[in-house]
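The lines below spell out each chain.
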Amino acid sequence: MLDIQLLRSDLEGVAKRLADRGFTLDVEAFQALEFRRKTIQTETQELQARRNQLSKQIGQAKAKGEDATALMAQVTAQADQLKALERQLHEVQARLDDMLLVIPNVPHASVPAGKSAEDNPEVRRVGTPRQFGFAVKDHVDIGAGLGMLDFDAASKISGARFMLLKGPLARLHRAIAQFMLDIHTGEHGYTEIYAPYLVNAASMTGTGQLPKFEEDLFAVPRSDGEKFYLIPTAEVPVTNIVRDEIIAGDKLPLKFVCHTPCFRSEAGSYGKDTRGMIRQHQFDKVELVQITHPSRSYELLEELTGHAETILKKLDLPYRTVTLCTGDMGFSAAKTYDIEVWLPGQNAYREISSCSNFEAFQARRMQARFRNEKGKTELVHTLNGSGLAVGRTLVAIMENYQNADGSVTVPEALRPYMGGTNAIAPR
RNA sequence: GGAGAGAUGGCCGAGUGGUCGAAGGCGCUCCCCUGCUAAGGGAGUAUAGGCUCAAAAGGCUUAUCGAGGGUUCGAAUCCCUCUCUCUCCGCCA
């Protein structure tokens, strides 16, 4: 959520910056609502002040044993009008809130302008794609050849966009997550979190998934008529740890790492990535979250992105990092780096991590604050990034470490997690 | 699933219809005293808004005692609904 003060003071400027990311801010509608709010609020508060004053006098009069009926009549006379105004004010403020909740974040000044993914500048490229002396297969064929990746069973059990792993490949999937958690906790100073996979609407609103993107989420009904939402990323439960909290300034930054399954309906992505495990309704991810002092959030975004990249370096997977341009950024982000891993089966770099600084956008929705140097409360900045998507890391390993005989070499860093196994071979 | 208790400021805790944004304590900040330490004395210390002001300072004002609704001239206090927490019983990985 943007600061309403910013909209009041620089509406045209905000509209212009939002236009860069393809969002049209309805300036007239905002101004009209603001004008109404101002008028009604002023009038309401005047009547409230009058009521409070008269009520006080009534109290004093009664204490002295005097007759207060005249004063009471005065309050009664304006009661209906006040009630009507309070109701209107309530309604206008709710509408203003609704409007604010669906306005995306303003891109940071360092974000390059652009319309789509094609305009994302590359920041760096690390590692060299391997030369294969044989015809490379994609992970679907490799998995089928191994007899350890079964989409038929998954579609029988659940439907499209699910997968089932077996044997050593399932273990490799588990090993990847364990490895990532160990690196981030042991070398990067993150605290491991285990969090709920079902969350309430307030949490989803806090991080920005609601109210605008409900169709992207899975939900389960509750007996009380409300619903639980399945988390689309650990960002949601983990960032909401600090919702409605005031954190001591010297505790910042908070650094959390959390491995969870992620559930996405993938509405509107029909036909995209239908082959393989690139785009699933359920996938695992190790997520990094930082809660920071506003003055350090951009510095820490670089650091966090580096933490995610470390995993790829340790796995010896070639990748590149791009800055998302204004037109390609997510709703809540002020700046995002995508890390893309090389997939020989697709002959392309594909997203495996997305690292963002949300500035105070989520913090304002969540009322997540800290006590600053002056002892005043101030909104924190929130950051997060995948460190990394587990399923896509598995894909990358299968494709980059494939051998001519259909086996897959286990990257050295993962062997301790695989009981010392060097390779996964067809059985 | 059944029965009961509770939710107040950064924290603890008082407050059952009137001048209560809220006693007291702790914590924190500043000052004083004391030749270290410890102790003592004083002052201050919630948040979010609105209007005003060129801006800042300031001034006026509203809301907030788990959430929402209601009663009342007036609600932390009374009524209703909901949420959450705790205790006991039952069930359970």
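Anything mentioned here points back to the structure above.
Predicted, not measured: the structure shown is a model, and the values here were computed from it.

A.B. asks: Describe the protein's contact with RNA strand B, naming the residues involved and giving the relevant values.
C.D. replies: Within the structure, RNA strand B sits among 27 residues, and R8, K38, Q45, Q48 and S55 are positioned closest to it. Those atoms of RNA strand B that come within 4 Å of the protein belong to sugar or phosphate at a rate of 71%. Here a sugar or linking oxygen of RNA strand B sits 2.9 Å away from a polar atom, N or O, in the side chain of Q41. In this structure, Q48 approaches RNA strand B through a side-chain N or O atom, which is 2.9 Å from a sugar or linking oxygen. For the surface near RNA strand B, the secondary structure elements donating two or more residues are α1 (4-9), α3 (27-63), α4 (69-101) and β12 (369-371).

A.B. asks: So, the pairing of strand β9 (residues 319-323): which residues are in play, and what are the values?
C.D. replies: Here β9 lies mainly inside the structure; four of its five residues are buried. Pairing of strand β1 (residues 122-126) with β9 involves four bridges; the strand directions are antiparallel. Each bridged residue has a counterpart across the sheet, and for E122 the counterpart in β9 is V322. Pairing of β9 with strand β10 (residues 335-343), which is carried by five bridges, proceeds in the antiparallel orientation. Opposite T323, over in β10, you have Y337 as the bridge partner.

A.B. asks: Explain the nonpolar core to me, using residue names and the numbers behind them.
C.D. replies: The biggest cluster of nonpolar side chains holds 51 residues, and the ones touching the most others in it are L169, L172 and I397. Those elements that provide at least two residues to this core are α5 (139-146), α7 (167-186), β8 (282-292), α10 (297-314), β10, β11 (348-357), β14 (381-389) and α12 (390-400). Looking at which element gives the most residues to this core, the answer is α7, with nine residues. In this structure I397 touches L172, I176, L315, L317, Q402, V408, T409, P411 and L414, once residues within four positions along its chain are discounted. Counting residues in each nonpolar core, the second largest holds 27 residues, with L7, V14, M99 and F361 among its members.

A.B. asks: Residues and numbers for the environment of G143, please.
C.D. replies: With respect to the helices and strands, G143 occurs in helix α5. For G143 and L165, which are 22 residues apart along the polypeptide, the C-alpha to C-alpha distance reads 8.8 Å. When residues no more than four places from it in sequence are discounted, the contact partners of G143 are M148, L149 and M398.

A.B. asks: Could you give an account of the packing of helix α2 (residues 11-20) against α3, naming the residues involved and the relevant values?
C.D. replies: One can describe the packing of α2 onto α3 by two numbers: an axis separation of 11 Å at closest approach and a directional angle of 145°. The crossing of α2 and α3 is right-handed. On α3, the residues that touch L11, E12 and A15 of α2 are V27, F30 and Q31. In terms of residue class, the contact of α2 with α3 is made up of four nonpolar, one polar and one charged.

The rules we used
Residues numbered from 1 in each chain as written. Chains lettered and ligands numbered in written order. Predicted model: local features only at pLDDT ≥ 70, side-chain atom pairs only at ≥ 80, totals over all residues. Heavy atoms only, no water. Near = heavy atom within 4 Å. Polar contact = N/O pair within 3.5 Å; in protein donor to acceptor, adjacent residues only side chain to side chain. Helix = DSSP H or I, 4+ residues; strand = E, 2+ residues; numbered from the N terminus. Buried < 20%, exposed > 50% of the residue type's maximum accessible area, 1.4 Å probe, protein only. Pairing = 2+ DSSP bridges. Core = buried A, V, L, I, M, F, W, Y, C linked by side-chain atoms within 4.5 Å. Contact = heavy atoms within 4.5 Å. Axes fitted to C-alpha atoms, helices over the stretch in contact; angles between N-to-C directions. Left-handed = near helix turned anticlockwise from the far one by under 90°. Nonpolar A, V, L, I, M, F, W, Y, C, P; charged D, E, K, R; others polar.

Honestly, it's all geometry; don't read function into it.
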